[in-house]
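Residue strings, one per chain:
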Amino acid sequence: MKKSMHILLINGPNLHLLGKREPHIYGATTLTDIEGRLAKLAACHNIKLTAFQSNHEGEIVDKIGELGLLADEHSRFDGVIINPAAFTHTSVAIRDALAAADKPFIEVHLSNVHAREPFRTHSYFSDKAVGVICGLGDLGYDMALDWFIKHFNR
Ligand code: DQA
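Residues numbered from 1 in each chain as written. Predicted model: local features only at pLDDT ≥ 70, side-chain atom pairs only at ≥ 80, totals over all residues. Heavy atoms only, no water.

Caption draft 1: Here's a closer look at helix H5 (residues 139-152). With 14 residues, H5 extends 20 Å between its outermost C-alpha atoms, agreeing within 8% with the 20 Å of an ideal straight helix rising 1.5 Å per residue. Listing the buried residues of H5 in full gives Gly-140, Tyr-141, Asp-142, Ala-144, Leu-145, Phe-148 and Ile-149. Where H5 is buried, its residues touch strand S1 (6-11), helix H2 (31-44), strand S3 (79-83), strand S4 (105-109) and strand S5 (131-134). (Helix = DSSP H or I, 4+ residues; strand = E, 2+ residues; numbered from the N terminus. Expected span 1.5 Å × (residues − 1). Buried < 20%, exposed > 50% of the residue type's maximum accessible area, 1.4 Å probe, protein only. Contact = heavy atoms within 4.5 Å.)

Caption draft 2: Up close: the packing of H2 against H5. For the pair H2 and H5, the least separation of the axes is 10 Å and the interaxial angle reads 20°. Classified by the interaxial angle, the pair formed by H2 and H5 is roughly parallel. Note on packing geometry: the crossing formed by H2 with H5 is right-handed. Of the residues in H5, those touching H2 at Ile-34, Arg-37, Leu-38, Leu-41 and Ala-42 are Leu-139, Tyr-141, Asp-142, Leu-145 and Ile-149. Looking at side-chain class alone, the contact of H2 with H5 contains eight nonpolar, no polar and two charged residues. (Axes fitted to C-alpha atoms, helices over the stretch in contact; angles between N-to-C directions. Parallel < 35°, antiparallel > 145°, perpendicular 65-115°, else oblique. Left-handed = near helix turned anticlockwise from the far one by under 90°. Nonpolar A, V, L, I, M, F, W, Y, C, P; charged D, E, K, R; others polar.)

Caption draft 3: Structural view of the site of the ligand. Around the ligand, the structure places Arg-21, Tyr-26, Asn-83, Ala-85, Ala-86, His-89, His-109, Leu-110, Ser-111, Val-113 and Arg-120. One of the backbone nitrogen or oxygen atoms of Ala-86 is found 3.3 Å away from an oxygen atom of the ligand. Separating an oxygen atom of the ligand from a side-chain N or O atom of His-89 is a distance of 2.7 Å. The protein chains hide 99% of the 320 Å² of surface that the ligand would expose on its own. (Near = heavy atom within 4 Å. Polar contact = N/O pair within 3.5 Å; in protein donor to acceptor, adjacent residues only side chain to side chain. Areas by Shrake-Rupley, 256 points an atom, 1.4 Å probe, with all protein chains shown as cover.)

Have a look at this one:
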């Protein structure tokens, strides 16, 4: 039987506060709503979705390792949707963890990072990502999952 696709959805620091945190920038939708919506979309396409949020860099590195290289082949993820949040601009460790897993990933940002403070324009992820979606609010996550659905069904 064909193995169902496994996507890891990672959200970095402060994204557990979505809905309350600067809603004029990040919108009114909560992370629980986003994760629930994506889980439904994934289930419709026989995709296993693992959602993980952490404020701690090492925990994100551990999760990528645990479900990437360390997991047996059957439970390993096939792709990652990641909003590294503030770690976008700082984390070589998470970049290296994704490189080690060697699976496609899409970088998502709710806000348009290029229309904000200059330090937000640099990302440690974009040059390794299959694509970057920013400025489209929480719809960006759905679009990233849609890419994986279409890519794996090709
Ligand atoms: C963010 C943009 C980052 O610069 C910021 O640190 C975040 C959220 C976004 O989704 O727009 O926490 O990744």
